[in-house]
Amino acid sequence: MNDSSWGTPQTGYWGPSEHGPGRGAVPAGPAYDAHQAQQTRPMPIVPDVPEHGGDQDADRGVARLSGPLFRDEPTRARPLPGEVPQNPEPMPPAPQPAPAPHKKSAGRDLGAAIGVGVGLGAVIVASLFVVKAVFVGVISVAVVVGLWELTKRLDERKGIKAPLVPLAIGGAAMVVAGYARGAEGAWVAMALTTLAVLVWRMTAPPEGYLKDVTAGVFAAFYVPFLATFVAMLLRADDGPWRVLTFLLLTVVSDTGAYAVGWRFGKHKLAPRISPGKTREGLLGAVGFSMVAGALCMQFLIDDGVWWQGLLLGLAVAASATLGDLGESMIKRDLGIKDMGTLLPGHGGIMDRLDSLLPTAPVVWLLLVIFVGSS
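Residues numbered from 1 in each chain as written. Predicted model: local features only at pLDDT ≥ 70, side-chain atom pairs only at ≥ 80, totals over all residues. Heavy atoms only, no water.

An unreviewed UniProt entry annotates the chain as Phosphatidate cytidylyltransferase originating from Streptomyces tendae. Per UniProt, the chain carries the Catalytic activity (unreviewed entry) text "a 1,2-diacyl-sn-glycero-3-phosphate + CTP + H(+) = a CDP-1,2-diacyl-sn-glycerol + diphosphate". (UniProt positions renumbered as here; feature names shortened; annotations may be inferred.)

J.: I'd love a proper account of the overall build of the chain, names of residues and values included.
T.: Summing up its helical and strand segments, the chain has eleven helices and two strands in all. Shown N-terminal to C-terminal, the secondary structure of the chain runs as helices and strands in the order α-α-α-α-α-α-α-β-β-α-α-α-α. Looking at the chain as a whole, 37% of its 374 residues are labelled buried. For the chain, the share of sequence-separated contacts (at least 6 apart) that also reach a separation of at least 24 residues comes to 66%. Of the roughly 23,200 Å² that the chain leaves accessible, carbon and sulfur atoms contribute 65%. (Helix = DSSP H or I, 4+ residues; strand = E, 2+ residues; numbered from the N terminus. Buried < 20%, exposed > 50% of the residue type's maximum accessible area, 1.4 Å probe, protein only. Contact = heavy atoms within 4.5 Å. Areas by Shrake-Rupley, 256 points an atom, 1.4 Å probe, with all protein chains shown as cover.)

J.: Let's hear about the pattern of salt bridges: which residues, and what values?
T.: Within the structure shown, the criterion is met by seven salt bridges. As a salt-bridge pair, K277 and D324 come within 3.1 Å of each other at their nearest N and O atoms. In this pair, K277 sits in strand 2 (residues 274-278) while D324 sits in helix 9 (residues 306-334), placing the two residues 47 residues apart along the sequence. Each member of the pair, K277 as well as D324, carries the same accessibility label: buried. (Salt bridge = Lys/Arg side-chain N within 4 Å of Asp/Glu carboxyl O.)

J.: Which residues make up the nonpolar core, and what are the values?
T.: Formed by 59 residues in total, the largest nonpolar core has its most connected members in I139, V243, F246 and L312. Here this core gets 13 residues from one element, more than from any other, and that element is helix 6 (residues 209-233). Not counting the four nearest positions on each side in its chain, V243 is found in contact with L128, F135, V230, L233 and L234. (Core = buried A, V, L, I, M, F, W, Y, C linked by side-chain atoms within 4.5 Å.)

This is the structure in structure tokens:
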């Protein structure tokens, strides 16, 4: 057989076709050309079969149009009537109601705070203008309670045992000495209280002696010694009005800081110490206390003038803010929110003295400079 025999029709290789008998499929090979491809039998056209119905022969011989187009395409089963599909399409989530707008809160019971504040103010004013010695007693009681709160929290949170007995006795003596003898008496009482703390602690084991006496000296200076300047304000002829000016300016400074900061505060003043304080609140404290200082110096203090009150108010706003931050620093170190629970809506006595204690020496000094000590 030569090469040309590959293109010759042979029986068994060519089947019947539309071009005549004896012709069949073209064998695969290199001799297959386009002319022979034209003589091949065309593929039959598969008629469309309806999706439902039809005879059995059509169902067996022809692919259903609803089936998969390729072999590896999974057949999608149709659920019967009343049958729940195994993988239903997820329903779209129901619309959630919009969250209610967050309202600013003071964080305390304002009703209780206002009631306690008014009650304390009435006691202070009554004792201040009736008998000076009674007000000295009020200061002494506040000092002793404040020392008790401070030493108790130091013991609970840090294990520091500052001796309370010499602190309480020396603190009350400091206030009385400041009122009776002025600055000289206050310093002498402070020195004796420090010595009493050192000696009293010697009765306990030596472990922790240094930290205990250090905390005791700090407590003696922080609470009773600074409070002594309030008693020294009372020594002047217009002493009750000086003390009232001191109290009013401190309260007005705190109120201005709270009101302006709560309404307009956006920029934190000292976020690591007191996250609630803002720069806008500090400006409110300065503005409110300067106006109150001008009015108090003009109408309450003998020989005082309004511009002195502006400077006094500015100094009070600064000292009150620093005092508040200082106590916040102590409470953060101790891991507590309030020093006590004695005053509903306020916390403890120390939570009310935080701004007053460092402000007392500032007001005493400026009033001595402006109008003298008598």
